[in-house]
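# Descriptive analysis of the structure
Here's the letter readout for the chains.
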Amino acid sequence: DTYSEFNGYIKSIKNKKVSKKVSDGYSVCVVTVDADVSKLNNTIRFEAHVNSEVRHEDEMKFTVVSNKLGKVAVFNYNGNKYYKIQEVTIAAKNRQVVLPYDNSKKIVARLPFGKNESKELLTFVFTEGDVEFKNDYSSAELKNVIASIPPTDRKVVNRYVNIVR
């Protein structure tokens, strides 16, 4: 899992400390920033739940819930690009939505050719606005799309899924 907390607008950075830790076979980069920050009041509560361990060709389902109405786009990062795998409108507050929303569609875990294991990044972008998400983005493009949404109108949640044979 990735944990990131953003509590305001950064006016200036006073000090930055970067450290690398290894935990359970994963490298973790910890960045501590001392900054002058003005308060940001984002009242969106958005959660995304995934099974973090799946087998190759298993069907995958995700559960999302938000206290606001809006739209969720789910992206898989692969080959230096983000590919949209699902997009759904959240039409009811505080109600769990299972993705894929349409029962005629399936999301299936697949390993890259020749690999026995793969750690996949899923990015869930929730927005209260009506954003038109493309089917794929470079890292810089998705970062710019997210930055174009006011911080109080969006939540981004990253989850990792380990796929094994």
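Look a little higher up for the structure.
Residues numbered from 1 in each chain as written. Predicted model: local features only at pLDDT ≥ 70, side-chain atom pairs only at ≥ 80, totals over all residues. Heavy atoms only, no water.

### Overview of the pattern of salt bridges
Counting across every chain of the model gives seven salt bridges. Of the charged contacts in the structure, one is a salt bridge between lysine 71 and aspartate 130, with a shortest N-O distance of 3.4 Å. One end of the pair, lysine 71, is in strand E7 (residues 70–78); the other, aspartate 130, is in the loop between strand E11 (117–127) and strand E12 (136–138), with 59 residues separating them in the sequence. By relative accessible area, which is 9% here, lysine 71 ends up buried. Classification of aspartate 130 by relative accessible area gives exposed; the value is 68%. Taken together, the shared-partner salt bridges connect Lys71, Lys84, Glu87 and Asp130 into one network. (Salt bridge = Lys/Arg side-chain N within 4 Å of Asp/Glu carboxyl O. Helix = DSSP H or I, 4+ residues; strand = E, 2+ residues; numbered from the N terminus. Buried < 20%, exposed > 50% of the residue type's maximum accessible area, 1.4 Å probe, protein only.)

### Some points on the sheet that holds strand E6 (residues 62–66)
In spatial order, the strands read E3-E6-E9; together these three strands make up an open sheet with antiparallel pairing. Lying at the two open borders of the sheet, with one neighbouring strand each, are strand E3 (46–49) and strand E9 (97–99). Between one strand and the next, the sheet's axes are offset by a mean angle of 20 degrees, whatever the strand orientation. Pairing analysis gives four bridges linking E3 to E6, with the strands arranged antiparallel. Within the sheet, the bridge partner assigned to glutamate 47 lies in E6 and is valine 65. (Pairing = 2+ DSSP bridges. Axes fitted to C-alpha atoms, helices over the stretch in contact; angles between N-to-C directions.)

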